[in-house]
Amino acid sequence: MSCERTLKDSLAYLKNKGVRITPQRHAILEYMVQSMAHPTADEIYKALEERFPNMSVATVYNNLRAFIDAGLVKELKFGDASSRFDYWKDDHYHIICSECGLMIDFDYDICVDVEKAAAEFSGFEITNHRLEFYGTCPECQVKKELKHVN
Ligand code: ZN
Ligand code: MN
């Protein structure tokens, strides 16, 4: 996507916001830029624990919190399940696999019209909205079919 930030852009952005870049923060950011996934704090921790033996899941979470406060990362909450963290780009939606948890980005401008419709319908001043799609990803579809055959 055009509005995607590179690691270099993000570091400049954080510096500009006065956020201190520690080696851990650098590594977390790098992981988020490269993975393009929507990791949980635990997944980030597992990916980096070898490099940072003193780091805990709580430290990861605190560092993510600093990115969230700076407006670079968004926390996606799912009821009782662990939050996932989205490396910030423009407003977008998510398509989530109910089998394996894969979450992919989905940009679709028409959703702005839905906000307008909601405002007209309710008289509310709409500030934001959430929209998620659930289903089975292509890989899990294949796995399901294979199970069927065997
Ligand atoms: Zn899947
Ligand atoms: Mn996303």
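Our structure's up above, just so we're on the same page.
A quick note: this is a predicted structure, and the numbers were derived from the prediction, not measured. (Residues numbered from 1 in each chain as written. Chains lettered and ligands numbered in written order. Predicted model: local features only at pLDDT ≥ 70, side-chain atom pairs only at ≥ 80, totals over all residues. Heavy atoms only, no water.)

Q: Hey, could you run me through helix H1 (residues 7–16) in this one?
A: A turn of α-helix holds 3.6 residues, and therefore any two residues three or four places apart point the same way. For H1, every residue scored as buried is listed here: Leu 7, Ser 10 and Leu 14. Taken around the axis of H1, the buried residues stretch over an arc of 60°, which confines them to a single face. In this structure, H1 carries Lys 8, Lys 15 and Asn 16 as exposed residues pointing more than 90 degrees from its buried face. Residues of H1 that are buried make contact with helix H2 (23–35), helix H4 (57–69) and strand E2 (81–87). (Buried < 20%, exposed > 50% of the residue type's maximum accessible area, 1.4 Å probe, protein only. Helix = DSSP H or I, 4+ residues; strand = E, 2+ residues; numbered from the N terminus. Arc of directions from axis to C-beta. Contact = heavy atoms within 4.5 Å.)

Q: What am I meant to see in the side chain of His 92 here?
A: Inspection of the secondary structure assignment puts His 92 in the loop between E2 and strand E3 (93–97). Among the polar contacts listed, one links the side chain of His 92 to the side chain of Asp 86, at a separation of 2.8 Å. Discounting chain neighbours no more than four positions away, the residues touching His 92 are His 38, Asp 86, Asp 105, Phe 106 and Asp 107. (Polar contact = N/O pair within 3.5 Å; in protein donor to acceptor, adjacent residues only side chain to side chain.)

Q: Would you take a moment to explain the pattern of salt bridges for this structure?
A: Any two side chains of opposite charge can pair, on the condition that their charged atoms come close. All told, the structure shown has 6 salt bridges when counted by the stated rule. Lys 46 serves as the salt-bridge partner of Asp 42, at 2.9 Å between the closest nitrogen and oxygen. In this pair, Asp 42 and Lys 46 both sit in helix H3 (residues 41–48), 4 residues apart, roughly one turn of the helix. Glu 132 is the partner of Arg 130 in a salt bridge, and the nearest nitrogen-oxygen pair spans 2.8 Å. (Salt bridge = Lys/Arg side-chain N within 4 Å of Asp/Glu carboxyl O.)

Q: Looking at this structure, how should I read the coordination of the manganese ion (ligand 2)?
A: Ideal donor angles around a metal are set by the shape: a four-donor tetrahedron calls for 109.5 degrees, a six-donor octahedron for 90 or 180 degrees. With distances of 2.0 to 2.8 Å, the protein atoms coordinating the manganese ion (ligand 2) are His 38 (NE2), Asp 86 (OD), Asp 86 (OD), His 92 (NE2), His 94 (NE2) and Asp 105 (OD). Between the 6 donor atoms coordinating the manganese ion (ligand 2), the angles at the centre fall across 51 to 173°, so the site counts as irregular. Along the chain, the residues that donate to the manganese ion (ligand 2) are spaced as H-x47-D-x5-H-x1-H-x10-D. Neither Asp 86 nor His 94 differs from the other in exposure class; each is buried. (Donors = N, O, S within 2.8 Å, 3.2 Å for Na, K, Ca; no water. Tetrahedral: all angles 85-135°; square planar, octahedral: opposite > 155°, others 65-115°.)

Q: Looking at this structure, how should I read the coordination of the zinc ion (ligand 1)?
A: Cys 97 (SG), Cys 100 (SG), Cys 137 (SG) and Cys 140 (SG) make up the full set of protein donors to the zinc ion (ligand 1), lying at 2.2 to 2.3 Å. Seen from the zinc ion (ligand 1), its 4 donor atoms lie at angles of 102 to 118°, and the figure they make is tetrahedral. Sequence positions of the residues that donate to the zinc ion (ligand 1) give the spacing C-x2-C-x36-C-x2-C. Look at Cys 100 and you get partly exposed, because its relative accessible area is 45%.

Q: So what exactly am I meant to see when it comes to the sheet that holds strand E4 (residues 103–106) here?
A: Strands pair in a sheet through their backbones, by hydrogen bonds, and they do so in one of two ways: parallel or antiparallel. The mixed open sheet is built from 3 strands, whose spatial order is E4-E3-E5. What marks the edges here is a single partner per strand, and that holds for E4 and strand E5 (132–135). Recorded for the sheet is a direction-independent mean angle of 25° between the axes of neighbouring strands. (Pairing = 2+ DSSP bridges. Axes fitted to C-alpha atoms, helices over the stretch in contact; angles between N-to-C directions.)

Q: Sorry, what's going on with the packing of H2 against H3 here?
A: Direction vectors running N to C along H2 and H3 enclose 110°, while the axes themselves pass 11 Å from each other. The angle between the axes of H2 and H3 places the two elements in the roughly perpendicular class. Contact residues: Ala 27, Ile 28, Tyr 31 and Met 32 in H2; Glu 43, Ile 44, Ala 47 and Leu 48 in H3. Along the lines of polarity and charge, the residues of the contact of H2 with H3 split into 7 nonpolar, no polar and 1 charged. (Parallel < 35°, antiparallel > 145°, perpendicular 65-115°, else oblique. Nonpolar A, V, L, I, M, F, W, Y, C, P; charged D, E, K, R; others polar.)

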